[in-house]
Amino acid sequence: MNPIYLDYAATTPVAPKVAEAMAQCLTEEGNFANPASRSHVYGWRAEEAVEAARGQVAALINADAREIVWTSGATESNNLALKGLCRPGDHLIVSSIEHKAVLDVALWLKEQGIEVDFVEPTADGTILPERIEALLKPNTRLVSVMWVNNELGTVNPIADISALCQKAGVLLHVDAAQALGKLPIDLDALKVDALSLSAHKCYGPKGIGALYVKRSPNIAVQAQIHGGGHERGMRSGTLPTHQCVGFGLACELAGQVLTEETSRISKLRDRLWQSIRDLPGVRLNGEGAERVCGHLNVAFTGIDGEVLLLSLRQLAVSTGSACTSASMSPSYVLNAIGLSAADALASIRISLGRYTDADDIEQAAAHIRQVVLGLQGGKQPRRA
Ligand SMILES: *Cc1c(COP(=O)(O)O)cnc(C)c1O
């Protein structure tokens with residue numbers, strides 16, 4: 001029997017309708033042409049499909065289609081935003097619990113002569129505007145804070161951070177890879193200068209994302225990939241029609257089901273937590289913070305993390321983040337919110353999504369109880 005997939009924060013399967021639409025853009029009978037071909041109807045049709053998809057992505061975040069730049073994913077979007085907006089001598093503030101696709105870019109920029117400061121989260125895993133404010137300098141150019149943390153699912157107060165940045169006259173970039181399709185995003189109401197998106201966290205294909213860039217005279221993003229001048233010069237390269245169409249439709253579908261889906265998933269997630277929380281040594285990481293619907297990051301104090309993960313054979317889950325789990329080093333996010341190395345190593349991230357049902361949760365809860373009680377040598381559950 002296959003393990004139950006509870007790793008939606010790492011990636012999601014492509015929605016069947018999305019896969020179907022993508023398949024229509026590949027073969028000779030389909031919409032296969034180069035969207036930049038201006039001299040024939042095949043090219044016009046491909047361009048039309050790409051532009052319709054751009055509108056679908058823009059609609060989900062209440063932006064203008066002209067503010068969407070296609071990229072290969074949130075990693076590239078983050079690179080484009082940070083490298084494209086910071087110049088030598090500028091000061092950049094990023095949170096210390098960003099995805100590596102922001103942190104590693106910040107460290108690289110530091111080597112290139114950009115001043116970088118890191119904001120630490122609170123013990124519940126959120127980034128407070130006052131901590132950002134304390135780091136502002138006259139040469140601060142950009143603040144980069146993720147909307148939702150990928151390990152904890154905690155939601156940062158982006159509206160407050162946006163107000164602070166506006167008051168201080170600094171640019172704000174938000175990595176929204178984990179927020180898209182899980183939280184309403186309204187960039188008409190909320191001033192963000194650049195926002196990174198990824199399709200594969202939202203039932204679209206891997207290998208495509210977008211960077212929202214606010215249309216404003218004082219925002220000029222320098223291209224990181226040159227050649228051909230696509231995407232108004234910000235990102236060259238032939239657009240992959242099938243990928244754009246897939247991302248666009250995934251966004252449209254996500255918008256249609258957002259309210260119903262997030263409420264259904266958070267009920268299942270809460271049920272799972274209620275059925276394991278009395279186990280000895282169990283603690284919810286990021287407890288007390290606002291969290292998105294599908295995330296559950298749990299420390300099983302006293303259990304060896306590697307043994308725990310190997311024992312939970314019936315579940316497909318993560319330790320730390322998938323990107324660092326190739327090496328068994330404790331998660332820097334859990335470390336930043338104050339967990340010991342042992343507790344961080346004994347933590348797992350369980351993330352639910354669109355295709356998770358009540359049966360999955362019942363089985364997962366029973367399996368976790370059996371494994372954890374077994375590994376703890378028959379200690380009795382605490383009664384709440
Ligand atoms: C997944 C993820 C990324 C990377 O996105 P890709 O599209 O896989 O490059 C960046 N930031 C966060 C918060 C993520 O969850």
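Quick look at the structure, then. (Residues numbered from 1 in each chain as written. Predicted model: local features only at pLDDT ≥ 70, side-chain atom pairs only at ≥ 80, totals over all residues. Heavy atoms only, no water.)

**Considerations on the nonpolar core**
The condition is simple: Note on terminology: a nonpolar core comprises buried Ala, Val, Leu, Ile, Met, Phe, Trp, Tyr and Cys residues joined through side-chain atoms within 4.5 Å. Here's how the labels work: a residue is buried when its accessible area is under 20% of the maximum for its type, exposed when over 50%, partly exposed in between, all with a 1.4 Å probe on protein chains only. Put simply, DSSP marks the helices as runs of H or I at least four residues long and the strands as runs of E at least two long, and each gets a number from the N terminus on. Note that domain bounds follow an automatic or database assignment of domains.
Counting residues in hydrophobic clusters, the biggest one holds 55 residues, and the most contacted among them are Ile-61, Trp-147, Leu-195 and Phe-247. Of all the secondary-structure elements, those providing two or more residues to this core are helix H2 (41-60), strand E2 (68-71), helix H6 (158-168), strand E6 (171-175), strand E7 (194-198), strand E8 (209-213), helix H7 (241-276) and helix H9 (332-336). Take this core: its biggest share by element is five residues, from H2. In terms of domain composition, this core takes at least three residues from each of domain 1 (4-10 + 258-376) and domain 2 (16-253). Judged by nonpolar contacts, the second largest core, of 28 residues, contains Leu-272, Phe-300, Leu-312 and Val-372.

**With respect to the site of the ligand**
Quick note on the threshold: Throughout this document, a residue counts as near a molecule or strand when at least one of its heavy atoms sits within 4 Å of that molecule or strand. In protein, a polar contact requires one atom able to donate a hydrogen and another able to accept it; more generally it is a pair of N or O atoms within 3.5 Å, and residues adjacent in sequence count only if both atoms are side-chain atoms. Here, Shrake-Rupley sampling with a 1.4 Å probe gives the accessible areas, and only protein chains in the shown set may cover a residue. Side-chain classes are defined by residue name, with Ala, Val, Leu, Ile, Met, Phe, Trp, Tyr, Cys and Pro counting as nonpolar, Asp, Glu, Lys and Arg as charged, and the others, Gly among them, as polar.
Taken together, Gly-73, Ala-74, Thr-75, His-99, Met-146, Asn-150, Asp-175, Ala-177, Gln-178, Ser-198, His-200 and Lys-201 are the residues near the ligand. The side chain of Gln-178 places a nitrogen or oxygen atom 2.7 Å from an oxygen atom of the ligand. Here an oxygen atom of the ligand sits 2.7 Å away from a polar atom, N or O, in the side chain of Lys-201. For the ligand, the accessible surface in isolation is 390 Å², of which the surrounding protein chains cover 87%. Its residues placed into classes, the shell around the ligand shows three nonpolar, seven polar and two charged.

**Focus on empty space enclosed by the protein**
What counts, and what does not: Any residue with an atom within 4 Å of a point lines the site, the site being either a cavity, points on a 1 Å grid over the protein atoms alone where a 1.4 Å probe fits but cannot get out, or a pocket, an open set with protein on both sides within 12 Å along at least 5 of 7 lines. Grid points are joined across faces, edges and corners, and a volume is the space filled by probe spheres set on the points.
Taken as a whole and judged by the stated rule, the model has two cavities of 30 Å³ or more. What the largest cavity holds in volume is close to 150 Å³. When residues in the lining of the largest cavity are grouped by element, the largest group, four residues, is from H7. Its residues assigned to classes, the lining of the largest cavity shows nine nonpolar, seven polar and four charged.

**Brief notes about the packing of H7 against helix H11 (residues 358-375)**
To keep things clear, this is the line we draw: To obtain an axis, a line is fitted to C-alpha atoms, over the contacting stretch when the element is a helix, and the angle between two such axes runs from 0 to 180 degrees between their N-to-C directions. Under this scheme an angle from 65 to 115 degrees is roughly perpendicular, one under 35 degrees roughly parallel, and one over 145 degrees roughly antiparallel; angles in between are oblique. By definition, any crossing whose near helix is turned counterclockwise from its far helix by less than a right angle is left-handed, and any crossing with a clockwise turn is right-handed. Whether two residues are in contact is decided by their heavy atoms: any pair within 4.5 Å suffices.
For the pair H7 and H11, the least separation of the axes is 9 Å and the interaxial angle reads 20°. Comparing their axes, H11 and H7 come out roughly parallel. As H7 packs across H11, the resulting crossing turns out to be right-handed. Facing Leu-268, Arg-271, Leu-272, Ser-275 and Ile-276 of H7, the residues of H11 in contact are Ala-358, Ile-361, Ala-364, Ala-365, Ile-368 and Arg-369. A class-by-class count of the residues in the contact of H7 with H11 yields eight nonpolar, one polar and two charged.

**What to know about the sheet that holds strand E9 (residues 282-284)**
In a beta sheet, neighbouring strands are held together by backbone hydrogen bonds and run either parallel or antiparallel to one another. Put simply, the test is: Two strands pair if DSSP finds at least two bridges between them.
Spatially, the three strands line up as an open sheet ordered E9-E10-E12, and their pairing is antiparallel. Lying at the two open borders of the sheet, with one neighbouring strand each, are E9 and strand E12 (347-351). Pairs of neighbouring strands in the sheet enclose a mean axial angle of 30°, with direction left out of account. Packed onto the sheet, H7 meets E9, strand E10 (295-300) and E12 and runs at close to 15° relative to E10.

**Notes on the packing of aromatic side chains**
Here is the rule: Here a pair means two rings of Phe, Tyr or Trp (six-membered ring of Trp) with centres within 6.5 Å. Their orientation is stacked below 30 degrees between planes, edge-to-face above 60, and tilted elsewhere. For a Lys NZ or an Arg CZ to count as sitting over a ring, it must be within 6 Å of the ring centre and within 35 degrees of the ring normal.
In total, this model carries five aromatic pairs according to the counting rule given. A ring pair is formed by Tyr-5 and Tyr-8, whose centres lie 5.2 Å apart and whose planes are at 70°; its orientation type is edge-to-face. Relative to Tyr-355, the ring of Tyr-203 has its centre 5.9 Å away and its plane inclined at 85°; by these criteria the two rings are edge-to-face. Note that Tyr-203 is positioned in the loop between E7 and E8 and Tyr-355 in the loop between E12 and H11, a separation of 152 residues in sequence. Taking the relative accessible area as the measure of exposure, Tyr-355 reaches 37% and is therefore partly exposed. The ring of Tyr-42 carries Arg-45 above its face, with NZ or CZ at 6.0 Å from the centroid.

**Structural notes on the sheet that holds strand E3 (residues 91-95)**
In spatial order, the strands read E2-E8-E7-E6-E5-E3-E4; together these seven strands make up an open sheet with mixed pairing. Unpaired on one side and paired on the other, E2 and strand E4 (115-119) mark the two borders of the sheet. Sheet twist, expressed as the average angle between the axes of neighbouring strands with direction ignored, equals 20°. Bridging between E2 and E8 involves four bridges; their strand directions are antiparallel.

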